[in-house]
Amino acid sequence: MSDPRTGIPARLAHGVVASLVAGMAAGAVAWLLAGLAPALTTDYTRLDQLNAMITGAAIGGTVLGTRAYRHRAEVLLSIVSGTLLGGVGALAGATPLAFAHLASTPRQFLLERALAWGLMSTGAAALLSVVARPTSRDRFVERLLLALFGGSIGGVVFTLPGVSDLWQGISFLWVGAAIGIAIAGPEAWHAAAIIETLPERGRQRHLFAVREWLIDEGDVVALGEAQVSCQHGRIALYPPAGGVVAAGHAVRHPTYLHASQIIAVGRARYRLQLIGPR
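Residues numbered from 1 in each chain as written. Predicted model: local features only at pLDDT ≥ 70, side-chain atom pairs only at ≥ 80, totals over all residues. Heavy atoms only, no water.

Caption draft 1: Local environment of the overall build of the protein chain. The number of helices and strands found in the protein chain is six helices and 10 strands. Counting the 278 residues in the protein chain, one finds 48% classified as buried. Contacts spanning at least 24 positions in sequence make up 60% of the contacts within the protein chain whose residues lie at least 6 apart. (Helix = DSSP H or I, 4+ residues; strand = E, 2+ residues; numbered from the N terminus. Buried < 20%, exposed > 50% of the residue type's maximum accessible area, 1.4 Å probe, protein only. Contact = heavy atoms within 4.5 Å.)

Here it is, written out as structure tokens:
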């Protein structure tokens, strides 16, 4: 579906997709690393804790690192922070049920495993939110619910009978995707607007080359010599003295934007997508 005034697809940011893919890739790495864990301990409780910490660290570092790259922030610091917070959060979430061992029937074991994975993902998402974009309480709760739901499904898949190696691999990828969406999703689909750089004409777009800014109330984003801000829920464009081209028209004076459009500042082009009410 497109905005009828611009033809621009009414879609979510590419960054949400990038975060999902990054989380899945990190989940695959965590799956491979978890295969080495039995060589470090034979205690099942410690093994569960170690796997949780490995999973949270791999996913957290990758998701926050790629997020920082998209937002032009400190990538290395985000990777280190994500690795530490993701690992600690996942460990804290998984530990209570790792020691409890309350299940006495196969069905109870399935529920316990699903809850353990859900809490692992929720713990990771909770601490990763500390260094992610500041957000409201409602968005924070939404992040936790997404992580809990996705992690619980991953726990169910992990315990499916049959080809256990296959199910385990799928569960790690699923949890990575769930945490990726939990971190990137709420801040994107509740933002007032999303600005994304466009490749130069004739060049192909690459998912992980995406640069984007999420705009909420009070934010100001510099687009070259121009600026875009959010004031009282409305998106304002402040062009430089030479003006900009917005939606195919020259703009030389500050104006409010009422539709998604392409903005050209010099040779650079940006896609502005309005999300919130306007």
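And the narrative resumes.
Caption draft 2: Focus on the environment of aspartate 216. Examined against the element boundaries, aspartate 216 turns out to sit in the loop between strand S2 (212-215) and strand S3 (220-223). Put simply, aspartate 216 and serine 229 are 13 residues apart on the chain and 8.4 Å apart in space, counted from C-alpha to C-alpha. From its side chain, aspartate 216 meets the backbone nitrogen of alanine 192 in a polar contact 3.4 Å long. (Polar contact = N/O pair within 3.5 Å; in protein donor to acceptor, adjacent residues only side chain to side chain.)

Caption draft 3: Representation of the sheet that holds strand S7 (residues 249-251). Read across the sheet, six strands follow the order S2-S1-S10-S9-S6-S7 without closing on themselves; strand pairing throughout is antiparallel. The sheet terminates laterally at S2 and S7, the two strands that pair on one side only. Strand-to-strand, the axes of this sheet are offset by a mean angle of 25°, without reference to chain direction. With three bridges connecting them, strand S6 (residues 244-246) and S7 associate as antiparallel partners. Note that in S7 the partner of valine 245 across the bridge is alanine 250. (Pairing = 2+ DSSP bridges. Axes fitted to C-alpha atoms, helices over the stretch in contact; angles between N-to-C directions.)

Caption draft 4: Quick peek at the packing of helix H3 (residues 75-100) against helix H4 (residues 106-131). Their axes nearest at 7 Å, the elements H3 and H4 cross at an angle of 150°. Crossing geometry of H3 relative to H4 is assigned as right-handed. Residues Ser81, Gly82, Leu85, Gly86, Val88, Gly89, Ala90, Gly93, Ala94 and Leu97 of H3 lie in contact with H4, whose contacting residues are Glu112, Leu115, Ala116, Leu119, Met120, Gly123, Ala124, Leu127, Leu128 and Val131. Among the residues forming the contact of H3 with H4, the class breakdown is 13 nonpolar, six polar and one charged. (Left-handed = near helix turned anticlockwise from the far one by under 90°. Nonpolar A, V, L, I, M, F, W, Y, C, P; charged D, E, K, R; others polar.)

Caption draft 5: Examining helix H2 (residues 44-70) more closely. Taking 1.5 Å of rise per residue, the 27 residues of H2 would be expected to cover 39 Å, and the 39 Å separating its terminal C-alpha atoms lies within 8% of that figure. Judged by how many residues are buried, H2 sits mostly within the fold: 21 of 27 residues are covered. Phi turns positive, to about 55°, at arginine 72, one or two residues after H2. (Expected span 1.5 Å × (residues − 1).)

Caption draft 6: Main features of helix H1 (residues 14-34). Its 21 residues give H1 an end-to-end C-alpha distance of 30 Å, which sits within 8% of 30 Å, the value for a rise of 1.5 Å per residue. The complete set of buried residues in H1 reads His14, Gly15, Val16, Ala18, Ser19, Ala22, Gly23, Ala26, Gly27, Ala30 and Ala34. For H1, the elements touching its buried residues are H2, helix H6 (164-189), strand S1 (193-197) and S2.

Caption draft 7: The arrangement of the confidence of the model for the protein chain in detail. Of the residues in the protein chain, 89% have a pLDDT of 70 or more, and the chain-wide mean is 86. Long-range and interchain partners of residues 1-10, a stretch whose pLDDT sits below 50, account for 23 contacts in this model, where long-range means more than four residues apart. (pLDDT = per-residue confidence, 0-100.)

Caption draft 8: Representation of the packing of helix H5 (residues 137-158) against H6 in the model. One way to put it is that H5 packs onto H6 with a least axis distance of 8 Å and a crossing angle of 170°. Judged on the interaxial angle alone, H6 and H5 are roughly antiparallel. Classifying every residue of the contact of H5 with H6 gives 16 nonpolar, five polar and four charged. (Parallel < 35°, antiparallel > 145°, perpendicular 65-115°, else oblique.)

Caption draft 9: Quick peek at unusual backbone geometry. A positive phi angle, near 55°, is found at histidine 232, a position not held by glycine. Looking at where histidine 232 falls in the secondary structure, it is placed in the loop between strand S4 (226-231) and strand S5 (234-238). Even without being glycine, alanine 247 reaches a positive phi, approximately 55°. Overall, the relative accessible area of 43% leaves alanine 247 in the partly exposed class.

Caption draft 10: Looking closely at the pairing of strand S10 (residues 268-274). Burial of S10 is extensive: five of the seven residues sit out of reach of the surface. By the bridge criterion, five bridges tie S1 to S10 in an arrangement that is antiparallel. Looking at the pairing, threonine 197 lines up with tyrosine 270 of S10. One ladder, built from five bridges, connects strand S9 (residues 261-265) with S10; its direction is antiparallel. Bridging across to S10, isoleucine 262 finds its partner in arginine 271. Between S9 and S10, which pair antiparallel in sequence order, lie two residues; one of them, glycine 266, sits at a positive phi of approximately 65°.

Caption draft 11: Focus on the pattern of salt bridges. Considering all chains together, one arrives at five salt bridges under this definition. For arginine 70, the salt bridge is made with glutamate 212, and the minimal N-O distance between the two is 3.5 Å. In this pair, arginine 70 is assigned in helix H2 and glutamate 212 in strand S2, connecting sequence segments 142 residues apart. Look at glutamate 212 and you get buried, because its relative accessible area is 3%. A salt bridge links arginine 143 to glutamate 187; the nearest nitrogen and oxygen atoms lie 3.3 Å apart. With a gap of 44 residues between them, arginine 143 in helix H5 and glutamate 187 in helix H6 connect regions that are remote in the sequence. Grouping residues by exposure puts arginine 143 and glutamate 187 together as buried. Three or more residues joined by partner-sharing salt bridges are found here, namely Arg67, Arg143 and Glu187. (Salt bridge = Lys/Arg side-chain N within 4 Å of Asp/Glu carboxyl O.)

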